[in-house]
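Summary of the model geometry
Listed below are the residues making up each chain.
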Amino acid sequence: MPQGSELVATFLAYTPVRFVPLAGEEAAALGALLVRAWEEGRARWPGVALPPGLFVTHLAVRLPEASPDSPIPPLLEKLSLAELYLACACLHGMASAHEAFERSYLSQLPAKLRGLKQPDTLIDDVCQLTRVKLLVATPESAPRIGEYSGRGALLNWLQVTAARIASKLRAAEKPAPDEDPEELFKLLPGPGVDPELDVMKRRHQADFRQAVHEAAATLSAHERHLLRLHFADRLSTYELASLFRVNQSTVSRWLKSARQQVHEETLRRLRERLGLSTVGLESFLALVDSQLDLRISQLLDEQRETGAPPPPGND
């Protein structure tokens, strides 16, 4: 059984407000409340053994704004304490908490997204992205489950978070004017730099676009899904490794292989179509190569996969 006095000391050390010193009865009441909140969290999530000090610190940091002389118990009672218990455990990477979050919350997400009239073709990707962004730490940031403040139901917060992700994905599927494949050709040198390249720039836009489309079609469904997640949805190799349960070097190898396949197939098809020299084509593709990563997701199939197939075997 945790000591209420120790929890009070921890709590007050981490609150953003420097509260006035508590009288004996006030401190005892706050201690009892903190102990009860921890016990209720443990009872609701029996497989999640979160240390009381860690939980109380998590609560303290998320306490609503107040004046130094405000009574603390009413502030705590505004929070969904048992759900903050689970969020705290998820934030600290506890496998049992991740399982409980999956079972009690993420499993409801597809139905909630359908209720918001999100297209079925998007829902699987949204659920995957939400899971990764909320539960996976990256070198740049902690899991975003830590952004849950407890000032509303966790399921409602999850639904809003997923809806924002869905909105971003739907926006990303619409090519902006500067993302049209023809923009690649505007980046090439003007007339007089290389006659052969200038001919390609002026006459072969449609051939280039078609070649990239055909090259992308040679990728497997898993490779296309991986490229979308990386280039269109901006998942890092670190996040993708967590998503597919492989190491980061494996994801990097998959991406390099898929991108190289598109590059080589594009080159081969242009060579066959245009009958230009290998040197000319290599020079041409070298000029647009730095832009390929920015455009490749728009040049893949327009229809999103309804679900990603299992990835290849791990190393």
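About the criteria used
Residues numbered from 1 in each chain as written. Predicted model: local features only at pLDDT ≥ 70, side-chain atom pairs only at ≥ 80, totals over all residues. Heavy atoms only, no water. Helix = DSSP H or I, 4+ residues; strand = E, 2+ residues; numbered from the N terminus. Phe/Tyr/Trp six-rings, centres within 6.5 Å; stacked < 30°, edge-to-face > 60°. Buried < 20%, exposed > 50% of the residue type's maximum accessible area, 1.4 Å probe, protein only. Salt bridge = Lys/Arg side-chain N within 4 Å of Asp/Glu carboxyl O. Contact = heavy atoms within 4.5 Å. pLDDT = per-residue confidence, 0-100. Disulfide = S-S within 2.5 Å.

Looking at an unreviewed UniProt entry, one finds the chain named Sigma-70 family RNA polymerase sigma factor and attributed to Pyxidicoccus fallax.

Looking at where Leu22 falls in the secondary structure, it is placed in the loop between helix 1 (4-14) and helix 2 (24-44). Put simply, Leu22 and Ile72 are 50 residues apart on the chain and 9.8 Å apart in space, counted from C-alpha to C-alpha.

Our next topic: the packing of aromatic side chains. Inspection of the entire model under this criterion finds four aromatic pairs. Ring centres 6.1 Å apart and planes at 45 degrees place the aromatic pair Trp45 and Tyr105 in the tilted group. Taken together, the positions of Trp45 in the loop between helix 2 and helix 3 (52-61) and Tyr105 in the loop between helix 6 (95-104) and helix 7 (109-115) put the pair 60 residues apart, joining distant regions of the chain. Across this residue pair, the class does not change: Trp45 and Tyr105 are buried. Considering the side-chain rings of Tyr148 and Trp157, the 5.6 Å spacing of their centres and the 55 degrees angle between planes classify their relative orientation as tilted. On the basis of relative accessibility, which here comes to 1%, the residue Tyr148 falls in the buried class. Taken together through their ring pairs, the aromatic side chains of Trp45, Phe101 and Tyr105 make up a single cluster.

Here the focus is the pattern of salt bridges. For the structure on display, the rule yields four salt bridges. Arg268 is the partner of Glu265 in a salt bridge, and the nearest nitrogen-oxygen pair spans 3.0 Å. Taken as a pair, Glu265 and Arg268 lie in helix 15 (residues 248-274) at a separation of three residues, close to a single helical turn. Exposure remark for Arg268: the relative accessible area of 32% places this residue in the partly exposed category.

Secondary-structure assignment places Thr57 in helix 3. The class of Thr57 is buried, set by a relative accessible area of 19%. Residue contacts for Thr57: discarding those within four places in its chain leaves Thr10 and Tyr14.

This part takes up the confidence of the model for the chain. For the chain, mean pLDDT is 78; residues scoring 70 or higher make up 75% of the total. Across the chain, the secondary-structure element scoring lowest on mean pLDDT is helix 10 (residues 182-186), at 43, and the one scoring highest is helix 5 (residues 81-91), at 97. Note that pLDDT drops below 50 for residues 175-193; the model gives that stretch 32 contacts with residues more than four away or on any other chain. Confidence drops under pLDDT 50 across residues 301-310; counting only partners more than four residues distant or on other chains, this segment forms 20 contacts.

On to the state of the cysteines, then. Tallying each qualifying case throughout the model produces zero disulfides. Note on Cys90: no disulfide assigned, nearest cysteine sulfur contributed by Cys88 at a separation of 9.3 Å.

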